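# Reading the structure
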4 protein chains.
Amino acid sequence: MIIVMVRGAAEEHVNQVIKEVQDLGYSPHLLRGTERNVIACIGDERGKYRIQALESLPDVERVVPILRPYKLADIETRPERTEIDIGGVKLGGMELQVIAGPCSVESEEQILETAEAVKASGAKFLRGGAFKPRTSPYEFRGLAEEGLELLALAREKTGLKIVTELMDPHHLDLVAEKTDIIQIGARNCQNFPLLDSVGDLDMPVLLKRGWSTTLREFLMAAEYILSRGNPNVILCERGIRTFESEYRNVLDLNSVPALRSMSHLPVIVDPSHGTGRQDLVIPMARAAVAAGADGLMIEVHPHPDRALSDGPQSLRPERFDILMREIARIAGAVDRTLTLGG
Amino acid sequence: MIIVMVRGAAEEHVNQVIKEVQDLGYSPHLLRGTERNVIACIGDERGKYRIQALESLPDVERVVPILRPYKLADIETRPERTEIDIGGVKLGGMELQVIAGPCSVESEEQILETAEAVKASGAKFLRGGAFKPRTSPYEFRGLAEEGLELLALAREKTGLKIVTELMDPHHLDLVAEKTDIIQIGARNCQNFPLLDSVGDLDMPVLLKRGWSTTLREFLMAAEYILSRGNPNVILCERGIRTFESEYRNVLDLNSVPALRSMSHLPVIVDPSHGTGRQDLVIPMARAAVAAGADGLMIEVHPHPDRALSDGPQSLRPERFDILMREIARIAGAVDRTLTLGG
Amino acid sequence: MIIVMVRGAAEEHVNQVIKEVQDLGYSPHLLRGTERNVIACIGDERGKYRIQALESLPDVERVVPILRPYKLADIETRPERTEIDIGGVKLGGMELQVIAGPCSVESEEQILETAEAVKASGAKFLRGGAFKPRTSPYEFRGLAEEGLELLALAREKTGLKIVTELMDPHHLDLVAEKTDIIQIGARNCQNFPLLDSVGDLDMPVLLKRGWSTTLREFLMAAEYILSRGNPNVILCERGIRTFESEYRNVLDLNSVPALRSMSHLPVIVDPSHGTGRQDLVIPMARAAVAAGADGLMIEVHPHPDRALSDGPQSLRPERFDILMREIARIAGAVDRTLTLGG
Amino acid sequence: MIIVMVRGAAEEHVNQVIKEVQDLGYSPHLLRGTERNVIACIGDERGKYRIQALESLPDVERVVPILRPYKLADIETRPERTEIDIGGVKLGGMELQVIAGPCSVESEEQILETAEAVKASGAKFLRGGAFKPRTSPYEFRGLAEEGLELLALAREKTGLKIVTELMDPHHLDLVAEKTDIIQIGARNCQNFPLLDSVGDLDMPVLLKRGWSTTLREFLMAAEYILSRGNPNVILCERGIRTFESEYRNVLDLNSVPALRSMSHLPVIVDPSHGTGRQDLVIPMARAAVAAGADGLMIEVHPHPDRALSDGPQSLRPERFDILMREIARIAGAVDRTLTLGG
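These remarks concern the structure in this document. This one's a predicted model, so the numbers in the text were calculated from it and none came from an experiment. (Residues numbered from 1 in each chain as written. Chains lettered and ligands numbered in written order. Predicted model: local features only at pLDDT ≥ 70, side-chain atom pairs only at ≥ 80, totals over all residues. Heavy atoms only, no water.)

### Points about the overall build of chain A
In terms of helices and strands, chain A carries 10 helices and 14 strands. Seen through its C-alpha atoms, chain A measures out along the principal axes to roughly 75 × 45 × 40 Å. Considering chain A as a whole, with its 342 residues, one finds that 68% of them fall into the buried category. About 10500 Å² of surface is accessible on chain A, with carbon and sulfur atoms providing 46% of the total. Of the side chains in chain A, 40 bear a positive and 50 a negative charge, and the two mean positions are spaced by 3 Å. (Helix = DSSP H or I, 4+ residues; strand = E, 2+ residues; numbered from the N terminus. Buried < 20%, exposed > 50% of the residue type's maximum accessible area, 1.4 Å probe, protein only. Areas by Shrake-Rupley, 256 points an atom, 1.4 Å probe, with all protein chains shown as cover. Lys, Arg positive; Asp, Glu negative; His and termini not counted. Charge placed at Lys NZ, Arg CZ, Asp CG, Glu CD.)

### Here we look at the side chain of Gln97 of chain D
Residues and elements named next belong to chain D. Of note, Gln97 is situated in strand S7 (residues 97–101). The buried category is assigned to Gln97, whose relative accessible area is 3%. If sequence neighbours within four positions are ignored, Gln97 has contacts with Val89, Lys90, Leu91, Lys124, Phe125, Asp294, Gly295 and Leu296. (Contact = heavy atoms within 4.5 Å.)

### Topic: the relation of the copies chain A and chain B
With an RMSD of 0.0 Å, chain A superimposes on chain B once it is rotated by 180° and translated 0.0 Å along the axis. The superposition operator between the copies reduces to a two-fold rotation axis. Among all residues of chain A, the one whose C-alpha sits closest to the rotation axis is Ser212 of chain A, at a distance of 3.2 Å. (Least-squares fit on C-alpha atoms with pLDDT ≥ 70 in both.)

### Some details on the environment of Asp180 of chain D
Residue and element names in this part refer to chain D. Topologically, Asp180 is positioned in the loop between helix H4 (172–178) and strand S10 (181–184). In this structure the C-alpha to C-alpha distance between Asp180 and Gly199, which are 19 residues apart in sequence, comes to 15 Å. What Asp180 contacts, discounting residues up to four positions off in sequence, is Ile86, Arg155, Leu160, Lys161, Ile162, Met203 and Pro204. Of note is the side chain of Asp180, whose polar atom sits 3.0 Å from the side chain of Arg155. Reaching out from Asp180, the side chain makes a polar contact with the backbone nitrogen of Ile162 at a distance of 2.7 Å. (Polar contact = N/O pair within 3.5 Å; in protein donor to acceptor, adjacent residues only side chain to side chain.)

### Here we look at the pairing of strand S9 (residues 161–165) of chain B
Residues and elements named next belong to chain B. Counted residue by residue, S9 has five buried out of five residues, so it is predominantly covered. By the bridge criterion, three bridges tie strand S8 (residues 125–127) to S9 in an arrangement that is parallel. Bridge assignment links Phe125 to a residue of S9, and that residue is Lys161. The β-α-β motif built from S8, the intervening helix H3 (residues 145–158) and the parallel element S9 has right-handed crossover chirality. (Pairing = 2+ DSSP bridges. Right-handed = clockwise from strand over helix to strand, strands pointing away.)

### Topic: the side chain of Asn249 of chain D
Among the secondary structure elements, Asn249 of chain D is positioned in the loop between strand S12 (233–237) and helix H7 (255–262). With sequence-adjacent residues up to four places away left out, Asn249 of chain D is seen in contact with Asn254 of chain A together with Trp211, Arg238, Gly239, Ile240, Arg241, His273, Gly274 and Thr275 of chain D.

### Focus: the pattern of salt bridges
Applying the stated rule across the entire model yields 120 salt bridges over all chains. Among the salt bridges present, the one from Glu76 of chain D reaches Arg36 of chain B, with a minimum N-O distance of 2.9 Å. With Glu76 of chain D in the loop between strand S4 (60–64) and strand S5 (84–86) and Arg36 of chain B in the loop between strand S2 (27–32) and strand S3 (37–42), the pair connects residues from two separate chains. A salt bridge links Arg209 of chain C to Glu237 of chain C, with the nearest nitrogen and oxygen atoms 2.7 Å apart. Taken together, the residues Arg209 of chain C in the loop between strand S11 (205–208) and helix H6 (215–227) and Glu237 of chain C in strand S12 (residues 233–237) connect sequence positions 28 residues apart. (Salt bridge = Lys/Arg side-chain N within 4 Å of Asp/Glu carboxyl O.)

### Re the interface of chain A and chain B
Listed per partner, the contact involves 50 residues of chain A and 50 residues of chain B. Counting each side, the surface lost to burial between chain A and chain B is near 4500 Å², with a carbon and sulfur contribution of 56%. For the pair chain A and chain B, the number of links is four salt bridges. The closest approach of N and O atoms between Arg241 of chain A and Glu217 of chain B, which form a salt bridge, is 2.7 Å. Every element with two or more residues in the side of chain A that touches chain B is listed here: helix H5 (192–199) and helix H6 (215–227) of chain A. (Buried area = accessible area lost by both parts, 1.4 Å probe.)

### Some thoughts on helix H7 (residues 255–262) of chain C
Taking burial as the measure, the eight residues of H7 of chain C include six buried ones, the bulk of the element. Among all positions of H7 of chain C, only Ser255, Val256, Pro257, Ala258, Leu259 and Met262 of chain C are buried. Those residues of H7 of chain C that are buried lie in contact with helix H9 (278–291) of chain B together with H6, S12, strand S13 (267–269) and helix H9 (278–291) of chain C.

### Observations concerning the interface of chain A and chain D
Across the boundary between the two partners, chain A contributes 43 residues, which contact 43 residues of chain D. Of all residues in chain A, Phe243, Asn254 and Arg329 of chain A give up the largest surface area on contact with chain D, accounting jointly for 21% of the area buried on that side. Counting the contacts that link chain A with chain D gives six salt bridges. Glu246 of chain D is the partner of Arg216 of chain A in a salt bridge, and the nearest nitrogen-oxygen pair spans 3.9 Å. There are 20 residue pairs in polar contact (both at pLDDT 80 or more) connecting chain A and chain D. Contributing elements (two or more residues each) for the side of chain A that touches chain D: H6, helix H7 (255–262), helix H8 (271–275), helix H9 (278–291) and helix H10 (317–333) of chain A. Here the side of chain A that touches chain D gets eight residues from one element, more than from any other, and that element is H9 of chain A.

### Notes on the packing of aromatic side chains
Evaluated as defined, the whole model comprises four aromatic pairs over all chains. Aromatic pair Phe192 of chain C and Tyr224 of chain C: ring centres 4.4 Å apart, planes at 15°, arrangement stacked. Separated by 32 residues along the polypeptide, Phe192 of chain C in helix H5 (residues 192–199) and Tyr224 of chain C in helix H6 bring together distant segments of the chain. No difference in accessibility class separates Phe192 of chain C from Tyr224 of chain C, as the two residues are buried. Taking the ring centre of Tyr138 of chain A as reference, the NZ or CZ of Lys71 of chain B above it sits at 4.9 Å. Sitting over the ring of Trp211 of chain B, Arg241 of chain B keeps its end group 4.5 Å from the ring centre. (Phe/Tyr/Trp six-rings, centres within 6.5 Å; stacked < 30°, edge-to-face > 60°. Lys NZ or Arg CZ within 6 Å of the ring centre and 35° of its normal.)

### A short note on the packing of H7 of chain A against helix H9 (residues 278–291) of chain D
It is the contact of H7 of chain A with H9 of chain D, at a shortest axis distance of 9 Å, that shows an interaxial angle of 135°. Taken together, H7 of chain A and H9 of chain D sit at an angle that is classed as oblique. The handedness of the crossing between H7 of chain A and H9 of chain D is right-handed. Where H7 of chain A approaches H9 of chain D, its residues Pro257, Ala258 and Ser261 of chain A are matched on the opposing element by Asp279, Leu280, Pro283 and Met284 of chain D. Here the residues of the contact of H7 of chain A with H9 of chain D sort into five nonpolar, one polar and one charged. (Axes fitted to C-alpha atoms, helices over the stretch in contact; angles between N-to-C directions. Parallel < 35°, antiparallel > 145°, perpendicular 65-115°, else oblique. Left-handed = near helix turned anticlockwise from the far one by under 90°. Nonpolar A, V, L, I, M, F, W, Y, C, P; charged D, E, K, R; others polar.)

### Focus on the sheet that holds S8 of chain B
All names here are of chain B. Here we have eight strands rolled up into a closed barrel, ordered S7-S8-S9-S10-S11-S12-S13-S14, and parallel in their pairing. Ignoring which end each strand starts from, the neighbouring axes of this sheet average 25° apart. Across the sheet, helix H5 (residues 192–199) is in contact with strand S10 (181–184) and strand S11 (205–208); its angle to S10 comes to roughly 165°. Helix-sheet contacts for helix H6 (residues 215–227) involve S11 and strand S12 (233–237), and the interaxial angle to S12 is about 160°.

No statement about biological role is implied by the geometric values presented.
Now the structure itself:
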């Protein structure tokens with residue numbers, strides 16, 4: 001940690017800072033500059049409660065932490081990349097994995113038709129929401145337990161692995177039982193009690209980046225899960241909120257190589273939410289794979305114009321099949337593999 | 001709702017849209033322009049699940065909703081301003097209310113010392129976190145139930161009303177019992193199960209705007225609570241996330257008159273989080289009152305440099321007393337009142 | 001400057017950094033931490049071309065500058081606040097100054113009617129655009145030289161000081177001759193040749209913050225003007241671009257006390273552009289004064305619904321008169337003065 | 001254009017709007033809804049000065065334009081994609097084009113060494129700044145005319161086409177003479193006099209998106225150039241400004257397919273500025289090509305740690321060669337071609 005003093009800081013205030021950091025267990029080194037003094041403090045900053053509070057001391061301009069605040073997610077701590085085994089299917093290795101399906105589970109017919117279609121194109125994972133976070137309380141909020149039953153039925157009929165979202169800690173056991181990967185949605189990226197609750201499980205957690213979560217905060221959210229003992233965290237970039245209104249979000253693909261340089265955890269990309277427009281999904285899916293993503297999450301619906309949620313960003317099954325063929329070509333060009341259907 | 005067709009849209013696609021919106025219960029009116037056709041649809045859009053999905057129909061460029069998506073929070077629905085009675089103290093009327101106290105409850109001595117001080121300066125509400133959302137799992141997360149007990153003790157000793165945050169639905173009864181106003185924090189502004197849970201109570205809820213929540217989304221979050229039957233919602237502006245790094249957030253005071261033009265709910269402002277810098281708190285508190293806020297929420301700590309959270313934005317009690325005197329003058333200049341202590 | 005090395009940095013790379021910074025004229029101090037080494041470099045960073053380039057050296061994680069990059073604008077360099085004399089009227093002192101008038105000069109009748117009205121309410125400065133930056137080339141781009149003549153006429157008839165925008169360096173002499181304050185618009189905040197050109201004058205320059213310019217960049221833009229020898233720079237906050245769409249911009253009033261803590265230059269606020277909505281202008285004008293602004297810039301038009309630009313944010317003269325009376329009350333509450341008309 | 005009236009709008013105000021829009025040459029159609037009335041106005045909105053001003057009329061809630069504000073840039077106006085011929089090299093067709101070189105021209109040795117290297121790897125265009133926009137007036141601002149001479153020399157020696165930035169309209173002739181493509185930088189994306197000036201030329205213009213310019217504004221900036229008679233505009237995505245601080249900008253690749261759906265103009269991508277980190281340039285260059293970009297602009301410097309500007313984002317020539325080989329593979333996977341060197 002580096003503490004920068006204001007220009008002309010009083011000597012007694014410099015000494016006060018030195019004393020305080022010593023009390024906190026650091027070794028301070030005072031460096032006198034031409035204009036300002038800085039106090040370099042040697043010691044582990046993480047887990048210390050009162051670092052930023054030092055900015056309240058007189059004549060302190062700012063406190064600059066040096067160490068990364070996350071430990072278990074840090075690639076410096078664990079240099080080999082994490083590969084997660086989901087019932088025999090590996091995510092995070094050479095083979096790309098694709099999760100596909102509707103935003104919401106709406107009916108048996110809808111979910112089974114979608115499941116068969118995405119499986120035929122090569123997806124190994126089926127997504128579908130049973131509990132849906134919706135901006136308005138008057139919108140469709142999902143079929144709840146009935147939705148979970150329908151996902152279980154689709155799993156039984158197709159062998160696809162299931163990914164569904166957990167919103168309410170009260171549903172933890174119910175969701176954990178019916179699914180292969182628990183999804184934490186973008187709005188809950190910093191819902192800490194929810195992160196704690198899935199940290200106590202030992203099943204895979206797909207953690208979506210919040211729409212204005214920095215990468216550092218995102219990795220700290222993952223750290224919540226990891227620090228409770230669950231190492232199976234999949235990071236998912238899904239777009240951030242900006243001033244641009246031509247699309248629902250800006251898919252931040254910089255985050256893919258950046259997260260991979262910061263952490264050993266696998267990184268997948270959701271271009272459906274990341275664009276909000278079905279016409280942009282395929283090119284951005286290609287781009288995600290080219291940027292180094294370990295997988296994709298894609299919204300597919302047999303009849304997007306009748307979807308109860310996220311219709312404008314859902315692909316029809318025949319367009320999803322084209323997506324799979326196109327990303328298989330990109331995968332080859334970056335020395336990754338993708339298993340196509342049929 | 002207005003549906004804009006692409007230029008040169010096929011006649012059959014226009015007819016398909018007309019048929020679909022009729023099936024949804026609207027009366028469509030086709031308007032043929034020089035370049036584009038638009039279909040104006042008369043009927044209530046709210047509560048309809050499939051409006052945006054219509055953008056998936058062929059040759060539809062976009063769907064423009066006309067009605068506001070919120071109803072109970074809407075000032076058009078209820079033109080008189082809501083005043084909330086908290087144990088005899090009114091919030092939302094002529095008199096400004098100030099909520100003050102530390103970010104976290106840390107000890108009996110700290111909370112009682114702060115409570116006495118803010119009361120002496122005129123505050124009628126004490127804030128203090130017992131359950132704290134923290135970016136890192138390694139930071140201080142609050143004293144939990146012990147913190148609630150200490151707040152109850154401070155209430156008993158000073159008569160101040162208590163405001164504390166609820167993060168986890170499991171703590172609902174515990175928090176509801178010990179507090180006068182339940183706070184929903186910025187990160188939980190769109191935590192819908194949590195909003196539902198406090199919607200089932202009949203006590204006041206202080207709802208903080210998320211750091212990238214639009215005003216429309218913010219009012220929809222309030223609508224979650226209102227639509228469950230709890231009319232006692234206090235909106236709190238606390239700053240939004242932008243590119244600027246000189247301060248922790250940008251306090252968006254535009255939202256104060258804008259929210260008051262959209263909704264009848266009271267609006268308060270938190271300049272402590274809205275700036276993150278104690279040296280900006282007093283001027284921005286003055287600005288908030290000048291912009292029309294119904295109250296303020298201010299972080300006060302007897303020793304900011306030893307605070308376990310949010311030290312850099314906390315005022316010492318003597319600075320808080322100056323704040324109260326300064327905002328009392330502004331209150332007078334906008335025909336509001338503020339009761340000072342002593 | 002502090003150079004942070006990656007964990008496990010090779011000794012030869014540490015030595016390479018030390019050698020490079022010595023060559024650049026700094027005194028390096030190597031501090032060995034538990035996990036990382038940092039190299040604290042003593043010396044003046046400003047005016048050095050190659051500081052950030054050091055991040056390209058092997059095993060360097062990041063370079064943290066310590067000194068502020070601006071000098072002449074810095075309050076540490078010149079602690080007394082700058083007061084600018086514009087033909088006998090002082091801006092930056094105890095008395096607030098208000099600049100008012102239409103977005104564009106449209107006709108003799110319009111500009112004279114507006115000038116008389118704003119003068120009657122107490123404004124001492126008339127704004128009006130002769131050269132207008134417009135998003136579309138098909139929109140009204142101003143009356144050009146004829147507009148400047150009409151402003152000169154209004155000055156002659158009313159005695160108001162004139163503020164108008166310079167967009168094109170080719171018009172420098174023309175604009176400088178006809179006006180009392182040259183305005184550099186938000187889009188040109190980092191138009192460096194334009195800044196250089198007004199830096200060579202000795203007349204006041206009103207510099208608007210760009211809509212995504214950080215405060216540090218804003219002060220560096222002022223530094224361009226100051227460093228050419230023109231000390232008469234007025235900073236103007238006019239709103240920043242965010243995700244919120246209820247208003248045209250978010251007026252960032254945090255910047256008022258923050259800029260005043262960073263620089264000695266006067267700071268005024270434009271709530272017309274900062275909100276884009278005439279119904280928000282008065283409350284935000286009050287808030288700006290409460291936050292500590294040295295003045296305001298307000299769009300006033302006798303017939304906003306017929307304005308050729310910025311109609312929705314323009315006040316009618318009778319509303320402007322109310323604004324003046326309301327801010328005079330706020331001025332009193334913050335120990336500033338404002339001269340009202342008649 | 002659709003005009004939405006407030007709920008309960010007075011009949012006389014509805015009539016006033018109808019009259020005003022008729023005066024402006026539109027055919028109004030009043031549609032009475034259950035809660036609100038809307039007035040659909042048939043006629044061409046573009047080039048009308050007073051559309052938004054109608055929001056100032058009493059009881060008008062908002063005005064929703066229907067037509068796109070740009071004409072010549074619009075793909076609906078000109079459905080075939082524009083291919084630009086730069087001295088025999090085509091940009092915008094099947095073959096990808098790569099522009100590479102240093103941020104600034106620093107010396108004869110530096111520019112010739114770089115030019116030879118990027119040519120050997122397959123680039124056909126050399127970039128290099130002679131006039132540099134710099135945040136600080138104390139930083140290196142380019143070699144000016146000497147820089148242009150060195151670029152001309154590099155062109156002569158290597159046959160590469162030259163791309164350099166124009167900042168100051170006074171340098172128009174000078175820059176136009178020495179270069180093959182004139183670049184308008186991100187800070188000047190809405191510098192309208194500068195756009196007008198290059199609109200009067202008939203040589204190619206590379207227009208960079210401003211860091212908070214919407215796509216609509218970006219196309220309107222292109223429209224400035226097109227409407228003066230110069231059809232040779234190349235759009236360049238180079239990243240936008242957000243809250244994220246791990247990288248200099250967020251490269252918005254959504255814009256690539258989105259711009260291609262809106263306009264016929266070619267779209268290239270600059271991942272060097274779009275990330276600001278040399279370690280992210282190669283993956284994001286791959287992603288850009290996968291998203292459908294027509295070309296790339298890459299910063300290459302023989303000694304990034306000694307670069308006078310943008311060192312941290314510059315590739316060494318050997319890394320640039322790897323980039324070229326990797327994007328050639330991606331090009332193949334999206335049915336585009338790229339000519340490699342050697």
